[in-house]
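Geometric and topological summary
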Amino acid sequence: MTLLELKNVDVFYGRIQAIRGMSFKVEEGEIVSLIGANGAGKTTTMKTISGLLNPSSGSITFEGQDVTKVKAHIRVVRGISQAPEGRGIFPGMTVMENLDMGAFGRADKSGLEQDLERVFDLFPRLKERQKQFGGTMSGGEQQMLSIGRALMSSPKLLLLDEPSMGLAPQFIRQIFSIITEINKQGTTILLVEQNANQALARAHRAFVLETGEITHSGTGKELLSNPAIKEAYLGVA
Ligand SMILES: Nc1ncnc2c1ncn2[C@@H]1O[C@H](COP(=O)(O)OP(=O)(O)OP(=O)(O)O)[C@@H](O)[C@H]1O
Ligand SMILES: [Mg+2]
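Here is a short report on the structure shown in this document.

What counts and how
- Residues numbered from 1 in each chain as written.
- Chains lettered and ligands numbered in written order.
- Predicted model: local features only at pLDDT ≥ 70, side-chain atom pairs only at ≥ 80, totals over all residues.
- Heavy atoms only, no water.
- Phe/Tyr/Trp six-rings, centres within 6.5 Å; stacked < 30°, edge-to-face > 60°.
- Helix = DSSP H or I, 4+ residues; strand = E, 2+ residues; numbered from the N terminus.
- Buried < 20%, exposed > 50% of the residue type's maximum accessible area, 1.4 Å probe, protein only.
- Pairing = 2+ DSSP bridges.
- Axes fitted to C-alpha atoms, helices over the stretch in contact; angles between N-to-C directions.
- Left-handed = near helix turned anticlockwise from the far one by under 90°.
- Contact = heavy atoms within 4.5 Å.
- Nonpolar A, V, L, I, M, F, W, Y, C, P; charged D, E, K, R; others polar.
- Parallel < 35°, antiparallel > 145°, perpendicular 65-115°, else oblique.
- Donors = N, O, S within 2.8 Å, 3.2 Å for Na, K, Ca; no water.

1. Considering the packing of aromatic side chains
- The final tally for this structure, using the stated rule, is one aromatic pair.
- Measuring from ring centre to ring centre gives 5.1 Å for Phe24 and Phe207, while their planes differ by 40°; the resulting arrangement is tilted. With a gap of 183 residues between them, Phe24 in strand E2 (residues 16–27) and Phe207 in strand E9 (residues 205–210) connect regions that are remote in the sequence. A single burial state applies to Phe24 and to Phe207, both of which are buried.

Below, the structure written as structure tokens:
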């Protein structure tokens, strides 16, 4: 079943067009990766899906319903949750308070307890550090907190914007294996990454974005072995 569909989406910042005629689908259960250079429009795409930006034309459908005009906080309730670029955790709040913010508006107590347990299983460090202020967590720990907070809304679609940014190689591998684990537990994932190797290796399908347009698409494997993509994004000629 198609979970998310973008059709001919255009997004502008003032007069500057950041996304041009973007169309793609995310099927339920998939990891879909979006790769592209700095300024290609990856974050803009994520914010348009989460409802922080409005397209000037085109449509966004989630679970078969048009959500193009639906406000961001309602999209969270419908099942779209974003761990934003640069983490965006609340530095003056504790780890537990940050996680509670992710559950904002939820009243299903037993479901919440299960989700908190799921987050603590994925990220034992967060369990150990429940009372520590978010701002004093290390970069990698803040990344865990950002993903954990996004999971606290029990999303059907998890949007991850550069989860590996600024992390040491060992941590990068760990974050990507956790992303795969989250997906195996049943959450569909749209992943934006500069780390194209890992993002393609982990993805069922992927898209390449160049100056606001999708230029390549295929399975993660296909794109990994495409010579043009190797040269441009994977650091091999
Ligand atoms: N608030 C804004 N006002 C004006 N232009 C913007 C704004 N935000 C982004 N842009 C421009 O839109 C284009 C796409 O930006 P976006 O942040 O989506 O890129 P990105 O692919 O996420 O890049 P990066 O890999 O550096 O995070 C860039 O040219 C950027 O300068
Ligand atoms: Mg970005």
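2. Observations regarding the pairing of E2
- Two strands pair when backbone bridges link them, and strand E1 (residues 2–13) and E2 are joined in this way by eight bridges, in the antiparallel orientation. Counterpart to Thr2 in the pairing with E2 is Glu27.
- Linking two consecutive strands that pair antiparallel, namely E1 and E2, is a turn of two residues; a positive phi of about 60° is found at Gly14 within it.

3. Some remarks on the packing of helix H3 (residues 95–102) against helix H6 (residues 139–151)
- Running from N to C, H3 and H6 point in directions that differ by 35°, and their axes come no closer than 7 Å. Like other packed secondary-structure pairs, H3 and H6 cross with a definite hand, here right-handed. Residues Val95, Asn98, Leu99 and Gly102 of H3 form the contact with H6, whose participating residues are Leu145, Gly148 and Arg149.
- Its residues placed into classes, the contact of H3 with H6 shows three nonpolar, three polar and one charged.

4. Points about the packing of H6 against helix H7 (residues 169–184)
- One way to put it is that H6 packs onto H7 with a least axis distance of 11 Å and a crossing angle of 10°. By the angle class used here, H6 and H7 are roughly parallel. In this structure, H6 contributes Gly140, Gln143, Met144, Ile147 and Leu151 to the contact, and H7 contributes Phe171, Gln174, Ile175 and Ile182.
- When its residues are assigned to classes, the contact of H6 with H7 shows six nonpolar, three polar and no charged.

5. Considering the coordination of the magnesium ion (ligand 2)
- The coordination sphere of the magnesium ion (ligand 2), as far as protein atoms go, consists of Thr43 (OG1), Glu85 (OE) and Glu85 (OE), spread over 2.0 to 2.7 Å. Of this pair, Thr43 sits in helix H1 (residues 42–50) while Glu85 is found in the loop between strand E6 (80–83) and H3, placing the two residues 42 residues apart along the sequence.
- Of the residues examined, Thr43 reaches a relative accessible area of 18% and is grouped as buried.
- Owing to a relative accessible area of 35%, Glu85 belongs among the partly exposed residues under this scheme.

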